[in-house]
Amino acid sequence: MHFMSDEHIPREGELPLYDLDSLSFRYPDGTYALRDISLKIHRGDRIGLVGRNGSGKTTLVKHLNGLHSCQQGSISYKGEPLTEAMLPGLRLATGVLFQDPDDHLFCNSLFDDVAFGPMNQGLDEDTVISRVLEQLTAVGLEKLCYKPAHLLSYGQKKRAAFAAIMAMHPEVLILDEPTANLDPRQEKIFKELLREYRGTLIVIDHDLLFLYDLCDRAVVMSDGAIHHNYSFDQLVSQRESLREHGLDFTFRFSCCGDQQSVHVHQHYEHTHEHPIGAVHAPSVLPVPPLMELQHYSFRYGDGTLGLSNANLIIRPGDTLALVGENGAGKSTLAACLLGLNRGEGYFFVNGKPVNNALRRGLWRRVGMVFQNSADQLFTPSCREEVAFGPQQMGMKGDELNDRVNDALARVHLQGFEDKVPLNMSGGERKRLAIAAALSMHPELLILDEPTASLDPHGEELLTEILESLGLTTILITHDLFFIERLSTRAIVMHQGTIIRDYSTAEFLTDDHLQSVNGLDYSYKSDCGRRIMALQDHEKGVRILPID
Amino acid sequence: MTAHPEIHIPLTTLASIIGGLAVLFVLFYWSIGGKRAKRDSFRTGDPDWSVPTIDAYADRSSFFHQWDPRIKIVSLFLYCFMVVSLQSLCWSTVAFTISLLAVVACNIPFARAGKRLLAMAGFLSMFLLVVPFTSPLQSSETLIYLPGLPGFPFHTAGFFVALLIVVKACAIALMMEPLLGTAPLAVTLQSLSRLGLPDSIGQMVLLSHRYIFVFVNEITRMYRGMRVRGFVPGTNMATMSAMGNFFGMLFVRSFDRTQRVYDAMLSRGYAGQFPSFVRFATTQKDWAKGALWIMMGLFLLFIDRMYGNPFF
Amino acid sequence: MHISDGVLPISITVASWAVSFGGAAYSLRCMKNEDLPKVAVVTSAFFVASLIHLPFGPTSVHLILPGIVGALLGPVAFLSIVLGLFLQSILFQFGGLTALGANALMMGLPALFCGLLFQGIRGKTVLSHTIAGAVCGGLGTAMAATVLACLLATAGENFVGVAKLALAAHVPVFLVEAGVSAFTVSFLFRVKPELLTTGRFRT
């Protein structure tokens, strides 16, 4: 235990905002979610709350705004022990942003949603209106003020939920993975808004690079207890303790360190040059392509173009990274390859043009792992989950059992056959979803943001599994590290078109992309360098220059 | 049986009547844009689970838009009940015409009201097809014999009864757009609570309405998750098992979400009330409009009872 | 199947409105105030479930799941059904505002009954839950169809034929509902039994 008391931060004469003393919390089934938590939080603190999935972070912050009442131990807020009567006031002074923005947007227009908090604070109409407009403008949604939330994209919803909380001008702001599943541009918007925020900030996140820039204090939780409580620099510089808590994200630094930026970018695979009207045959290459798209477009029923004139060759053994901003058309392209979307253009599988019958059978060849495991796991046991695909293929008996066992083994889930998928951890569920696709022996596996909201430990395990698959894969992600580690070729999409198709090495050094679609990874590389320098300093080996 | 005039319809006439009706239906379907949703589900393969936005045209302006929602709701709602009480086809048709005019006057594309009629088509066509053949024989009604169905005459009296129902149903369904589409849903519910409906009901309707869209999204994604693993629904146990799990998952996820939504509401200061700045102001014009509709309903009802006859 | 506006005579329309109003008021009384958002959100899940069509032979049926609603919500089920039907009629014109009362009776009474029945026969094993689910699912639909037929028959002799047909048309729905409900209940029992046991909204 590296317990540093709060004394290292000089706070003479100031009452802590929160004073938690030996706080414990048990779920109704008797398991401890929090054990003996003692923590002081001062006004103006900027705390990064980190730890593995399930270590009690969310339960802790629910105590801070009175959603959970204190079972054992005590909580004081501004020097007074928290009572039932104080809860409404406490909730109005603290803003909490949970992960799913749909939970926060419960009214039928953005305006009503953002106004909900301020109105409950009892502000008069003019103040409320000005706050709503101020906050919606800050997140760039003022034009959508009277739209219902279901017409918004995920990123817009996330920003709207943030605006709804900021409109209350909270003294304390608590955020639970604010930037999960957002593209780098939207992440940057968040980061800037949070930098400007002057109150007490508590952020739960796995992305230490993101936190490093934002927070000055780190609280590490493990199994419901606080294991470390010290400055962020101290946290990141101690690699051993990071590893102990499944937080060692430095395995990531093998990649994005000191690459030099280049401005030239060549197309790795030449674009399909035929005019649209000409005769289209599958490309003749030394190795016949597994799949090929030529001038392929997809338009949604409301007329919006999801995919425009895409040309793409996927060869057996390719490991592709599909990158682009939220809404760039990555998922639409994946749905076309899966045969879910029926687009226009030329589509060849193993050299054969895809007709209706072939398209309906594409699911036998292409496996898909969705971003949200909950969308894919719907059976009461792992065995049934993994067997579902092969059963649809008409498999029975021993063959089916072998497939199930083999697939579970490949994702390190042996012995989980009878567990309930719903009660498993996020990382296990993700691996189960992969097993459910693998059991069908796909020729191509598409993974949509497989690492979203996994802790670094889970990420590392998943990376190892994916590396060992040896399948043709398409990886949809915003995460530079995984692109580098798991792909050899990068496809960049922007507004429905494929704008780059080149090697991952070229992608990593292509700083032109920033201006195209906000794929700005530079600050992360920057943070990474600074953290590595700190770690090296700790080890006393050498000190890299910090820029 | 001799007291009943009989008409025997040749096959060709029957075929052309059916054909004509089919063409009319297709034209109607096409004109209200029913193909649009089908096209989307053709392209993505997702089932058509789209839910219309009830107040998409609430920001326009018309006779109905500029009407205090409270008086609008009360008077149109009472009017609808009066239409339900009509007993003659003739005056029901007049009510239907009034509804058509109201739809035109409310400045909302007809396709929206048309879709409402389409939604009832299945239920109402059951009446049109069944009642004429099964209604009891009435004195001096005309019986029409269709080719191939010698034992089952088509009762014209039964047909008029069924037609009366269809016309009334359409007359009321058409009034829904002027009634509900001309103010934001929140305002409509707010005015209902001013009219005495418990606040909690209005809040629940609003919340449910919001989360319908969230869950439609959720099941669309879940269904895709099943499709990419080869699920094709059929009439068999495997489908029932898969769909049983699917519904179970939907309910589990929704129960989980209830807790999260409740937490989010609490943390923004929810204390059992949805605060609102909506204010209603009633002018004499609003009252006049209300009086007009009530009078119209009463007039229809009066003239229906005085001069209407059950056949026409 | 929903009853449209204008089908039932005015007396039945008004009477069913009154009875449903009483039922909803009773439900509302059974509901704790803080459960309001939860009942609302669950109602939207049931609404969405009713959008799903399953193929049955050459045609397709959509499920109404009154048995499941009753089993999950207990006395609050009636309120939830009234809300769901209100939304269905304003959004899709399934049913209608004037026929809301009749439709609420048709779905709500079976839901209340099945809720009670389910608690009585559910037993303690997966198998007994599966059977209870099938019974409640099937019976709920059968009762709904019966209420529908009775209501139609009140409209006069002319409609007896339609009432019979409506009853017959529900036979496939009845089978599918029983099957799907059985699997849904067994899923819930294995995955989240507390939804069935404690019945979060039961008082």
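Just so it is clear, the structure is predicted and the values come from calculations on it, not from any experiment. (Residues numbered from 1 in each chain as written. Chains lettered and ligands numbered in written order. Predicted model: local features only at pLDDT ≥ 70, side-chain atom pairs only at ≥ 80, totals over all residues. Heavy atoms only, no water.)

> What is the right way to read the overall build of chain A from this model?
The number of helices and strands found in chain A is 20 helices and 20 strands. Considering only contacts within chain A whose residues lie at least 6 apart along the sequence, 69% involve residues at least 24 apart. Only carbon and sulfur atoms are counted for the fraction: they give 50% of the accessible area of chain A, which is about 21600 Å². (Helix = DSSP H or I, 4+ residues; strand = E, 2+ residues; numbered from the N terminus. Contact = heavy atoms within 4.5 Å. Areas by Shrake-Rupley, 256 points an atom, 1.4 Å probe, with all protein chains shown as cover.)

> Would you mind going over the overall build of chain C with me for this structure?
A tally of helices and strands in chain C yields 8 helices and 2 strands. Taken from N to C terminus, the helices and strands of chain C fall in the order α-α-β-β-α-α-α-α-α-α. Taking the principal axes of its C-alpha atoms as reference, chain C extends roughly 50 × 40 × 30 Å. Counting over 203 residues, chain C shows a buried share of 65%. Taking the intrachain contacts of chain C between residues at least 6 apart in sequence as the baseline, contacts between residues at least 24 apart amount to 73%. Counting every atom, chain C has about 6500 Å² of accessible surface; 73% of that belongs to carbon and sulfur. Charged side chains of chain C number 10 positive and 6 negative; the gap between the two group centres comes to 12 Å. (Buried < 20%, exposed > 50% of the residue type's maximum accessible area, 1.4 Å probe, protein only. Lys, Arg positive; Asp, Glu negative; His and termini not counted. Charge placed at Lys NZ, Arg CZ, Asp CG, Glu CD.)

> Looking at this structure, I do not really get the packing of helix 3 (residues 69-84) of chain B against helix 6 (residues 156-180) of chain B. What am I missing?
Residue and element names in this part refer to chain B. Between helix 3 and helix 6, the shortest axis-to-axis distance is 10 Å and the interhelical angle comes to 175°. What the angle tells us is that helix 3 and helix 6 run roughly antiparallel. Residues Lys72, Ile73, Leu76, Tyr79, Cys80, Val83 and Val84 of helix 3 pack against Lys168, Ala171, Ile172, Met175, Met176, Pro178 and Leu179 of helix 6. For the contact of helix 3 with helix 6, the per-class residue count stands at 12 nonpolar, no polar and 2 charged. (Axes fitted to C-alpha atoms, helices over the stretch in contact; angles between N-to-C directions. Parallel < 35°, antiparallel > 145°, perpendicular 65-115°, else oblique. Nonpolar A, V, L, I, M, F, W, Y, C, P; charged D, E, K, R; others polar.)

> What exactly am I supposed to notice about the interface of chain C and chain A here?
A common way to report how large an interface is uses the accessible area buried once the components associate. Across the boundary between the two partners, chain C contributes 4 residues, which contact 8 residues of chain A. Buried area between chain C and chain A, both sides added, is near 440 Å², and the carbon and sulfur share of it is 65%. The largest contributions to the chain C side of the interface with chain A come from Phe187, Arg190 and Val191 of chain C, which together make up 94% of the buried area. Salt-bridge contacts for Glu384 of chain A lead to Arg190 of chain C; the nearest nitrogen and oxygen are separated by 2.9 Å. Joining chain C to chain A, the criterion identifies 1 residue pair in polar contact (both at pLDDT 80 or more). (Buried area = accessible area lost by both parts, 1.4 Å probe. Salt bridge = Lys/Arg side-chain N within 4 Å of Asp/Glu carboxyl O. Polar contact = N/O pair within 3.5 Å; in protein donor to acceptor, adjacent residues only side chain to side chain.)

> Would you mind going over the pairing of strand 2 (residues 32-41) of chain A with me for this structure?
The side chains of a regular strand alternate between the sheet's two faces. Residues and elements named next belong to chain A. Examined bridge by bridge, strand 1 (residues 18-26) and strand 2 share 6 bridges and lie antiparallel to one another. Residue pairing for strand 2: Arg26 is matched across the bridge by Tyr32. Taken together, strand 1 and the strand that follows it, strand 2, pair antiparallel across an intervening segment of 5 residues, in which Gly30 is found at a positive phi of about 100°. (Pairing = 2+ DSSP bridges.)

> How should I be thinking about the interface of chain B and chain C in this particular structure?
Across the boundary between the two partners, chain B contributes 73 residues, which contact 72 residues of chain C. For the pair chain B and chain C, the two sides together bury roughly 6500 Å², of which 82% comes from carbon and sulfur. Across the pair Lys192 of chain C and Asp256 of chain B runs a salt bridge whose closest N-O atoms are separated by 3.3 Å. At the boundary of chain B and chain C, one finds 8 residue pairs in polar contact (both at pLDDT 80 or more). For the side of chain B that touches chain C, the secondary-structure elements that each account for two or more residues are helix 3, helix 5 (110-134), helix 6, helix 7 (185-194), helix 8 (199-227) and helix 9 (237-267) of chain B. With 21 residues, the single largest contributor to the side of chain B that touches chain C is helix 9 of chain B.

> Explain the environment of Asp176 of chain A to me, please; I cannot follow it from the model alone.
Residue and element names in this part refer to chain A. Checked against the element boundaries, Asp176 lands in strand 7 (residues 172-176). The exposure class of Asp176 is buried, given its relative accessible area of 6%. Expressed as a C-alpha distance, the spacing of Asp176 and Asp100, which sit 76 residues apart in the sequence, is 9.3 Å. Not counting residues up to four positions away in its chain, the partners in contact with Asp176 are Thr58, Leu97, Phe98, Gln99 and Ile204. Among the polar contacts listed, one links the side chain of Asp176 to the side chain of Thr58, at a separation of 3.3 Å.

> In this structure, what is going on with the sheet that holds strand 16 (residues 366-369) of chain A? I would like to understand it.
Within a sheet, each strand pairs with its neighbour through backbone hydrogen bonds, oriented either parallel or antiparallel. Residue and element names in this part refer to chain A. The 6 strands are arranged 16-17-18-13-19-20 in an open sheet whose pairing can be described as mixed. Where the open sheet ends on each side, the last strands, each with one partner, are strand 16 and strand 20 (497-503). Strand after strand, the sheet turns through a mean of 20° between neighbouring axes, direction not considered. Of the strand pairs in this sheet, strand 13 (residues 319-323) and strand 19 (residues 489-494) are connected by 4 bridges, and their pairing is parallel. Looking at the pairing, Ala321 lines up with Ala490 of strand 19. Packed onto the sheet, helix 15 (residues 426-438) meets strand 16 and strand 17 (444-448) and runs at close to 170° relative to strand 16.

> I tried to follow the side chain of Arg268 of chain B on my own but got confused; where do I start?
Position of Arg268 of chain B among the secondary structure elements: in the loop between helix 9 and helix 10 (284-307). Despite its burial, Arg268 of chain B remains without a salt bridge, the nearest opposite charge being carried by Asp113 of chain A at 4.1 Å. Only 3.0 Å separates the side chain of Arg268 of chain B from the backbone oxygen of His104 of chain A, close enough to count as a polar contact. Here Asp113 of chain A takes part through its backbone oxygen, which lies 2.6 Å from a polar atom of the side chain of Arg268 of chain B.

> Please clarify how the nonpolar core should be interpreted in this entry.
Most often, soluble globular proteins have nonpolar side chains that are buried together. Counting residues in hydrophobic clusters, the biggest one holds 189 residues, and the most contacted among them are Tyr18 of chain A, Phe127, Phe247 and Phe251 of chain B together with Ile3 and Leu72 of chain C. Excluding anything up to four places from it in sequence, Tyr18 of chain A contacts Leu39, Lys40, Ile41, Leu64, Ile75, Ser76, Tyr77, Leu90, Thr94 and Val172 of chain A. By size, the runner-up hydrophobic cluster in this structure holds 48 residues, among which are Ala164, Leu211, Tyr212 and Ala218 of chain A. (Core = buried A, V, L, I, M, F, W, Y, C linked by side-chain atoms within 4.5 Å.)

> For this particular structure, what's the right way to read the confidence of the model for chain C?
Caution is warranted with low-pLDDT regions, since their predicted coordinates should not be read in detail. All names here are of chain C. The share of residues in chain C with pLDDT of 70 or more is 97%, and the mean pLDDT across the chain is 89. Per-residue pLDDT stays below 50 along residues 199-203; that stretch engages in 25 contacts with residues further than four places along the chain or on separate chains. For this predicted complex, the interface score ipTM comes out at 0.92, while the overall pTM is 0.90. (pLDDT = per-residue confidence, 0-100.)

> How should I be thinking about the pattern of salt bridges in this particular structure?
Note that side chains of opposite charge can pair when their charged atoms are close. Evaluation of the coordinates by the stated rule reveals 32 salt bridges over all chains. Arg260 of chain B is the salt-bridge partner of Asp103 of chain A, the closest N and O atoms lying 2.5 Å from each other. Here Asp103 of chain A, found in helix 3 (residues 101-104), pairs with Arg260 of chain B, found in helix 9, and the two come from separate chains. For Asp103 of chain A, a relative accessible area of 0% puts it in the buried group. Residue Arg260 of chain B is classed as partly exposed on the basis of its relative accessible area, which comes to 33%.

> Whenever I open this one, a negative patch on the surface confuses me. Can you help?
Together, Asp398, Glu399, Asp402 and Asp406 of chain A line one region of the surface with negative charge. With respect to the secondary-structure elements, Asp406 of chain A resides in helix 14 (residues 397-410). (Patch = residues over 30% accessible without salt bridge, like charges linked within 9 Å, V, L, I, M, F, W, Y side chains within 5 Å.)

> In this structure, what is going on with the sheet that holds strand 5 (residues 80-81) of chain A? I would like to understand it.
The 4 strands are arranged 2-1-4-5 (chain A) in an open sheet whose pairing can be described as antiparallel. For this open sheet the edge positions go to strand 2 and strand 5 of chain A, each flanked by a neighbour on one side alone.

> How should the environment of Phe111 of chain A be read in this particular structure?
Residues and elements named next belong to chain A. Here Phe111 shows up in helix 4 (residues 110-120). Of the residues examined, Phe111 reaches a relative accessible area of 14% and is grouped as buried. For the pair Phe111 and Arg530, spaced 419 residues apart in sequence, the C-alpha to C-alpha distance is 41 Å. Residues contacting Phe111, with those up to four places away along its chain left out, are Ile129, Val132, Cys145 and Tyr146.

> I tried to follow the state of the cysteines on my own but got confused; where do I start?
Cysteine pairs can be linked by a disulfide, which is a covalent bond between their two sulfur atoms. All names here are of chain B. One pass over the full model with this rule turns up 0 disulfides over all chains. Cys170 supplies the cysteine sulfur nearest to Cys90, a cysteine that is in no disulfide, at a spacing of 17 Å. Cys106 carries a free sulfur, and the closest cysteine sulfur to it, the one in Cys80, is 13 Å from it. The class of Cys106 is buried, set by a relative accessible area of 0%. (Disulfide = S-S within 2.5 Å.)

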